[in-house]
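Residues per chain, in single letters:
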Amino acid sequence: MNVGTKTDNKHERIALFPGSFDPFTIGHQSLVKRGLELADRIIIAIGINEGKQCCFPVERRLEEIRALYRGEERIEVVTYQTLTTDIAKQLGAHFILRGIRSIIDFEYEKTIADINRELTGIETIFLLAEPQYAHISSSVVRELLHFGKDITGFLPKGMQL
Ligand code: ADP
């Protein structure tokens, strides 16, 4: 795990935003921006899942997301290899932040959120995707890249993977 070293403040509301971020898109960026209205701090946690086939090396994703939020005191970026609830607990997160783009996301997210609540009592707060980003997913971006298409329009400004 690669965690930062920020000092704890007991009164802060900390959100954990877990995901693969393979790659981090403007859809994710929109969620982080809106999440900052709900939390004092957001920890973006890149899950490393050996079983899941990834495209961009995790170190690269970590580097690029950190660079995107450099200078933003309220955002931290880490990687983790445990259960999401374990890292949430370890980092003192008060809730998990996730996005919902469609009914398909809802079905998937609901199961995980219910299990996480049952395991540890941690709640998941969902933000509906902004309509202009609702069609954007990391998997579609990877597919486009695979066929040689330009993906820069789907990535936050300045991000190069
Ligand atoms: P995972 O592999 O864990 O599903 P992702 O990196 O694909 O992680 O997504 C992380 C979170 O961001 C998920 O809750 C997903 O629904 C949300 N998300 C992804 N793309 C968008 C988008 N375009 N708008 C809003 N939320 C999104």
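Above this note sits the structure.
Residues numbered from 1 in each chain as written. Predicted model: local features only at pLDDT ≥ 70, side-chain atom pairs only at ≥ 80, totals over all residues. Heavy atoms only, no water.

In the vicinity of the ligand lie 17 residues, with Ser20, Phe21, Lys52, Gly99 and Tyr133 positioned nearest. A distance of 2.7 Å is found between an oxygen atom of the ligand and a backbone nitrogen or oxygen belonging to Gly99. If the ligand stood free it would expose 560 Å²; the protein chains cover 90% of that surface. Among the elements of the structure, β1 (14–19), α1 (26–35), β4 (95–100) and α4 (103–120) are those that each provide at least two residues to the shell around the ligand. Tallied by class, residues from the shell around the ligand come to seven nonpolar, five polar and five charged. (Near = heavy atom within 4 Å. Polar contact = N/O pair within 3.5 Å; in protein donor to acceptor, adjacent residues only side chain to side chain. Areas by Shrake-Rupley, 256 points an atom, 1.4 Å probe, with all protein chains shown as cover. Helix = DSSP H or I, 4+ residues; strand = E, 2+ residues; numbered from the N terminus. Nonpolar A, V, L, I, M, F, W, Y, C, P; charged D, E, K, R; others polar.)

On to the environment of Asp40, then. Counting through the fold element by element, Asp40 comes out in the loop between α1 and β2 (41–47). The class of Asp40 is partly exposed, set by a relative accessible area of 35%. Ignoring sequence-local partners within four residues, the contact set of Asp40 consists of His11, Glu12, Arg13 and Arg74. A polar contact of 2.6 Å, which involves the side chain of Asp40, links it to the backbone nitrogen of Arg13. (Buried < 20%, exposed > 50% of the residue type's maximum accessible area, 1.4 Å probe, protein only. Contact = heavy atoms within 4.5 Å.)

As a further point, take unusual backbone geometry. In the segment running from Asp22 into Pro23, the intervening peptide bond is cis, with an omega of 5°. Looking at the element boundaries, Pro23 is found in the loop between β1 and α1. For Phe21, which is not glycine, the phi dihedral falls at a positive 50°. Following the sequence through the fold, Phe21 ends up in the loop between β1 and α1.

All right, on to the packing of aromatic side chains then. Counted under the stated rule, the structure contains three aromatic pairs. When the ring of Phe17 is compared with that of Phe21, the centres are 5.0 Å apart and the planes differ by 65°; the resulting orientation is edge-to-face. Judged on exposure class, the residue Phe17 and its partner Phe21 are both buried. Both rings, one in Phe21 and one in Phe24, keep their centres 5.5 Å apart while their planes meet at 50°; by these two values the pair is tilted. Here Phe21 and Phe24 have matching classes, each one buried. An aromatic cluster of three or more residues is present, and its members are Phe17, Phe21, Phe24 and Tyr69. (Phe/Tyr/Trp six-rings, centres within 6.5 Å; stacked < 30°, edge-to-face > 60°.)

Turning next to the pairing of β4. Most of β4 sits out of view: six of its six residues are buried. In β4, alternate side chains face the same way, and those of Phe95, Leu97 and Gly99 on one face and Ile96, Arg98 and Ile100 on the other are all buried. Across two bridges, the pairing between β1 and β4 is parallel. Residue pairing across strands places Leu16 opposite Ile96, the latter belonging to β4. Where β4 lies against strand β5 (residues 123–128), six bridges are found, and the strand directions are parallel. Following the sheet pairing, Ile100 is matched in β5 by Leu128. Once the chain exits β4 it traverses α4 before rejoining the sheet at β5, and the crossover so formed is right-handed. (Pairing = 2+ DSSP bridges. Right-handed = clockwise from strand over helix to strand, strands pointing away.)

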